[in-house]
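Examination of the molecular architecture
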Amino acid sequence: MALRPILIIPEPRLRQLCAPVTGIDAETRKLVSDMFETMYDAPGIGLAAPQVGVLRRVVTIDLSREDEPRQPLAMINPEIIAASEERSIYSEGCLSIPDYYEEVERPAEVTVRYMTLEGKTVEQHVSGLLSTCVQHEIDHLNGVLFIDYLSKLKRDRVNKKFAKAARREDVG
Ligand code: NI
């Protein structure tokens, strides 16, 4: 396992459409294990492959608390196949937009279809925080970030702040 650097906005790879994984090989397994290590280290509850610069449809999630046993969930090629009309609001953050949190409204419950690392296709009905997390991570695979759901005013403000920080880094 190895830690991989997490990309921060305005990194263009965070805005790309990711390609499906065609076969689960050693490289995919290595990617998933690196993503878990990187996510736990951050720490975060979800991570998508483009956040570590890999434009593949892979996400890792673990909602367990620090004092609980880990519950790693890896999803290959996940897709939302049903969404509830009922909506819920969570304060979201993102490892690619550090220290920024805003409330986002999304479908309260979704059914997600994905492949496990063992190559099995599963359909899982999720609600609560897991539903929000799954939707947030799948958005990443389509180049969508949670700030895209905010008002233009808020989005412009956060984009400007991170663009400025990136320029500062360029000069030293
Ligand atoms: Ni994120």
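Below, the structure is looked at part by part. These numbers come from a predicted model, not from an experiment.

Conventions used here
Residues numbered from 1 in each chain as written. Predicted model: local features only at pLDDT ≥ 70, side-chain atom pairs only at ≥ 80, totals over all residues. Heavy atoms only, no water. Helix = DSSP H or I, 4+ residues; strand = E, 2+ residues; numbered from the N terminus. Rg over C-alpha atoms; globule rule 2.2 N^0.38 Å. Buried < 20%, exposed > 50% of the residue type's maximum accessible area, 1.4 Å probe, protein only. Contact = heavy atoms within 4.5 Å. Areas by Shrake-Rupley, 256 points an atom, 1.4 Å probe, with all protein chains shown as cover. Lys, Arg positive; Asp, Glu negative; His and termini not counted. Charge placed at Lys NZ, Arg CZ, Asp CG, Glu CD. Disulfide = S-S within 2.5 Å. Core = buried A, V, L, I, M, F, W, Y, C linked by side-chain atoms within 4.5 Å. Donors = N, O, S within 2.8 Å, 3.2 Å for Na, K, Ca; no water. Phe/Tyr/Trp six-rings, centres within 6.5 Å; stacked < 30°, edge-to-face > 60°. Lys NZ or Arg CZ within 6 Å of the ring centre and 35° of its normal. Pairing = 2+ DSSP bridges. Axes fitted to C-alpha atoms, helices over the stretch in contact; angles between N-to-C directions.

A tally of helices and strands in the protein chain yields 3 helices and 7 strands. What you see in the protein chain, going N to C, is helices and strands ordered as α-β-β-β-β-β-β-β-α-α. Here the protein chain has a C-alpha radius of gyration of 16 Å; the compact-globule value for 172 residues is 16 Å, and the two agree. The principal-axis extent of the C-alpha atoms belonging to the protein chain is close to 45 × 40 × 35 Å. Across the 172 residues in the protein chain, those meeting the buried criterion constitute 41%. Looking at the protein chain alone, contacts between residues at least 24 apart form 64% of all its contacts between residues at least 6 apart. As displayed, the protein chain offers around 9,600 Å² of accessible surface, 51% of which is attributable to carbon and sulfur atoms. The averaged location of the 27 negative side-chain charges in the protein chain is 7 Å from the averaged location of its 22 positive side-chain charges.

Turning our attention to the state of the cysteines. Under the counting rule described, the total for this entry stands at 0 disulfides. Looking at Cys18, it has no disulfide partner, and the nearest cysteine sulfur is the one in Cys94, 13 Å off. For Cys94, a relative accessible area of 9% gives the class buried.

This part covers the nonpolar core. Among the nonpolar cores identified, the biggest contains 16 residues, and Ile61, Met75 and Val134 are the most heavily contacted of them. When contributions to this core are tallied by element, the ones reaching two or more residues are strand E2 (58-61), strand E3 (73-83), strand E6 (109-115), strand E7 (121-127) and helix H2 (128-141). Top element by residues in this core is H2. It accounts for 5 residues. Non-local contacts of Ile61, meaning those with residues more than four positions away in its chain, are made with Phe36, Met39, Ile45, Gly46, Gln71, Pro72, Leu73, Leu130, Cys133, Val134 and Glu137.

To continue, consider the coordination of the nickel ion. Around the nickel ion, the protein supplies Cys94 (SG), His136 (NE2) and His140 (NE2) as donor atoms, at distances of 2.1 to 2.3 Å. Read N to C, the donor residues that coordinate the nickel ion are spaced as C-x41-H-x3-H. With Cys94 in strand E4 (residues 87-94) and His136 in helix H2, this residue pair connects regions lying 42 residues apart in the sequence. As far as burial versus exposure is concerned, Cys94 and His136 are alike and both buried.

In total, this model carries 2 aromatic pairs according to the counting rule given. Taken together, a centroid distance of 5.9 Å and an interplanar angle of 20 degrees make the contact between Phe36 and Tyr40 stacked. A residue pair is termed a helical-turn pair when its members lie 3 or 4 positions apart in one helix, as Phe36 and Tyr40 do in helix H1 (residues 26-41) at 4 residues. What makes Phe36 buried here is its relative accessible area of 12%. A relative accessible area of 21% places Tyr40 in the partly exposed class. Positioned over the ring face of Tyr40 is Arg70, at 3.7 Å from the centre of the ring.

Turning our eyes to something else, we now look at the sheet that holds E7. Working definition: the strands of a sheet are paired by backbone hydrogen bonds and lie parallel or antiparallel to each other. In spatial order, the strands read E1-E2-E3-E6-E7; together these 5 strands make up an open sheet with antiparallel pairing. Only two strands of the sheet have a single neighbouring strand rather than two, namely strand E1 (46-48) and E7. For this sheet, the mean angle separating the axes of adjacent strands, direction not counted, is 40 degrees. In the sheet, E6 pairs with E7 via 7 bridges, with the strands oriented antiparallel. Residue Thr111 lies in a different strand from E7, and its bridge partner there is His125. Seen against the sheet, H1 touches E1, E2 and E3 and runs at an angle of roughly 40 degrees to E2.

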